[in-house]
Amino acid sequence: KAGVTQTPRYLIKTRGQQVTLSCSPISGHRSVSWYQQTPGQGLQFLFEYFSETQRNKGNFPGRFSGRQFSNSRSEMNVSTLELGDSALYLCASSLGGTSNTEAFFGQGTRLTVV
Amino acid sequence: AQKITQTQPGMFVQEKEAVTLDCTYDTSDPSYGLFWYKQPSSGEMIFLIYQGSYDQQNATEGRYSLNFQKARKSANLVISASQLGDSAMYFCAKGLTGGGNKLTFGTGTQLKVEL
């Protein structure tokens, strides 16, 4: 059974540009959550998608957005990149039912904004 | 606000010894889940163990066990028979029950296993 796949693994972007990250969950999992990890702020929840709908949202500006497709794959978009957006972006996949007892992460996308 | 506290920024343990990583949490939720993850230097978050707040017994997964004390709001991870490959960052996280997949993480503990 394939794990969670995130692409690309590494990205370098310039301030002001936009970026799209992709996450393919484990087969059968309907929930995808996104997290930002930085040395200063640690791991912070961005948002969660379940059955193509945003179900939970963290405290990030509107420049951060996401979506989920009918096959449960999810994309995260960051517009007008800032230097502070440099981070490891992780997505987590789970069944998404009312009792989540596990959440599996991908290897992450390391974004560097210059 | 939910808060997860890991008071040990770094820990050392000798190979084959047991080690306990501390985690305490704030919550007013009647029902919740607690998770532990391992993050090697490669960056991937590896799921280790889960404990539900209503589970009667402490969770165990191989060499990992969770010492859950609900009244004290603590969920310490115990790693038995440490191995060199256990050297990594360890995160405690709390999730919602019934509200989707949203985890609040602690700041982590860097574990170093020595010969």
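Focus: the side chain of Thr109(A)
Residues and elements named next belong to chain A.
Then, number 1: Tracing the backbone shows Thr109 in strand β11 (residues 109–113).
Then, number 2: Judged by relative accessible area, which is 0%, Thr109 ranks as buried.
Then, number 3: There is a polar contact of 2.5 Å between the side chain of Thr109 and the backbone oxygen of Pro8.
Then, number 4: Non-local contacts of Thr109, meaning those with residues more than four positions away in its chain, are made with Gln6, Thr7, Pro8, Arg9, Leu11, Leu21, Ala87, Leu88 and Tyr89.

Some details on the pattern of salt bridges
Residue and element names in this part refer to chain A.
Then, number 1: Taken as a whole and assessed by the stated rule, the structure comprises 7 salt bridges over all chains.
Then, number 2: Between Arg55 and Glu48 there is a salt bridge, with the nearest N and O atoms lying 2.7 Å from each other.
Then, number 3: The exposure class of Glu48 is buried, given its relative accessible area of 0%.
Then, number 4: Put simply, Arg63 and Glu82 hold a salt bridge, and the shortest N to O gap is 3.6 Å. Of this pair, Arg63 sits in the loop between β6 (53–57) and β7 (64–68) while Glu82 sits in the loop between β8 (74–78) and β9 (87–94), and the two are 19 residues apart along the sequence.
Then, number 5: Salt bridges sharing common partners tie together Arg63, Glu82 and Asp85.

Re the nonpolar core
Then, number 1: Trp36(B), Ile49(B), Leu77(B), Tyr90(B) and Leu111(B) are the most contacted members of the largest nonpolar core, which totals 24 residues.
Then, number 2: Elements supplying a minimum of two residues to this core: β2 (10–14), β3 (19–21), β5 (32–39), β6 (46–52), β8 (64–69), β9 (74–79), β10 (88–96) and β12 (109–114) of chain B.
Then, number 3: Leu11(A), Phe64(A), Tyr89(A) and Val113(A) belong to the second largest nonpolar core, which has 21 residues in total.

Quick look at the packing of aromatic side chains
Then, number 1: Per the counting criterion, the structure on display carries 15 aromatic pairs over all chains.
Then, number 2: Here the aromatic rings of Phe60(A) and Phe64(A) are separated by 5.2 Å at their centres, their planes lie at 65 degrees, and the arrangement is edge-to-face. For the pair Phe60(A) and Phe64(A), one class covers both residues: buried.
Then, number 3: Note on Phe35(B) and Tyr37(B): the rings are 6.3 Å apart at their centroids and 15 degrees apart in plane angle, and the pair reads as stacked.
Then, number 4: Phe35(B) sits in the buried class, given a relative accessible area of 3%.
Then, number 5: Look at Tyr37(B) and you get buried, because its relative accessible area is 0%.
Then, number 6: Three or more aromatic residues joined by ring pairs form one cluster here, namely Tyr35(A), Phe45(A), Phe104(A), Phe105(A), Phe35(B), Tyr37(B), Phe47(B), Tyr50(B), Phe91(B) and Phe105(B).
Then, number 7: In this structure, Arg55(A) is placed above the aromatic ring of Phe50(A), and the distance from its NZ or CZ to the ring centre is 4.1 Å.

Concerning the layout of surface pockets
Then, number 1: Of the volumes computed, that of the largest pocket is approximately 530 Å³.
Then, number 2: Leu43(A), Gln44(A), Phe45(A), Gln2(B) and Thr104(B) are, among the 24 residues lining the largest pocket, the residues nearest its centre.
Then, number 3: For the lining of the largest pocket, the secondary structure elements donating two or more residues are β5 (42–50) of chain A together with β1 (3–5), β10 and β11 (103–105) of chain B.
Then, number 4: Take the lining of the largest pocket: its biggest share by element is 4 residues, from β5(A).
Then, number 5: Residues that form the lining of the largest pocket fall into these classes: 8 nonpolar, 12 polar and 4 charged.
Then, number 6: Volume-wise, the second largest pocket comes out at about 400 Å³.
Then, number 7: Lining of the second largest pocket is provided by 22 residues; of these, Gln37(A), Thr38(A), Pro39(A), Gln39(B) and Phe91(B) occupy positions nearest its centre.
Then, number 8: Counting residues per element, the ones that place at least two in the lining of the second largest pocket are β4 (31–38), β5, β9 and β11 of chain A together with β10 of chain B.
Then, number 9: Of the residues that constitute the lining of the second largest pocket, the class distribution is 9 nonpolar, 12 polar and 1 charged.

Rules used in this analysis
Numbering of residues begins from 1 in every chain and follows the order in which that chain's sequence is written. Chains carry letters from A onward and ligands carry numbers from 1 onward, assigned in written order. In keeping with the model being predicted, local features are shown solely for residues with a pLDDT of at least 70 and side-chain atom pairs are shown and tallied solely at 80 or more, while totals for entire chains, interfaces and linings include all residues. Note: side-chain values were computed over all heavy atoms of the structure, leaving out hydrogens and water. Strands are runs of DSSP state E lasting at least two residues, helices are runs of H or I lasting at least four, and both sets are numbered from the N terminus onward. Using a 1.4 Å probe on the protein chains alone, a residue whose accessible area is under 20% of its type maximum counts as buried, one over 50% counts as exposed, and one in between counts as partly exposed. Polar contacts here mean pairs of N or O atoms no more than 3.5 Å apart (in protein, one a potential hydrogen donor and the other a potential acceptor; neighbouring residues in sequence count only if both atoms are side-chain atoms). Contacts: residue pairs with any heavy atoms within 4.5 Å of one another. A pairing counts as a salt bridge when a side-chain nitrogen of Lys or Arg comes within 4 Å of a carboxyl oxygen of Asp or Glu. We call a set of buried Ala, Val, Leu, Ile, Met, Phe, Trp, Tyr and Cys residues a nonpolar core when their side-chain atoms join them within 4.5 Å. For Phe, Tyr and Trp, where Trp contributes only its six-membered ring, two rings pair if their centres lie within 6.5 Å, and the inter-plane angle classes them as stacked under 30 degrees, edge-to-face over 60, or tilted in between. Cation placement over rings: the criterion is NZ of Lys or CZ of Arg within 6 Å of the ring centroid and within 35° of the ring normal. Cavity means a closed set of points on a 1 Å grid over the protein atoms alone, one where a 1.4 Å probe fits but cannot get out, pocket means an open set with protein on both sides within 12 Å along at least 5 of 7 lines, and lining means a residue has an atom within 4 Å of a point. Grid points are joined across faces, edges and corners, and a volume is the space filled by probe spheres set on the points. Each residue is assigned to one of three groups, with Ala, Val, Leu, Ile, Met, Phe, Trp, Tyr, Cys and Pro labelled nonpolar, Asp, Glu, Lys and Arg labelled charged, and all others, Gly among them, labelled polar.

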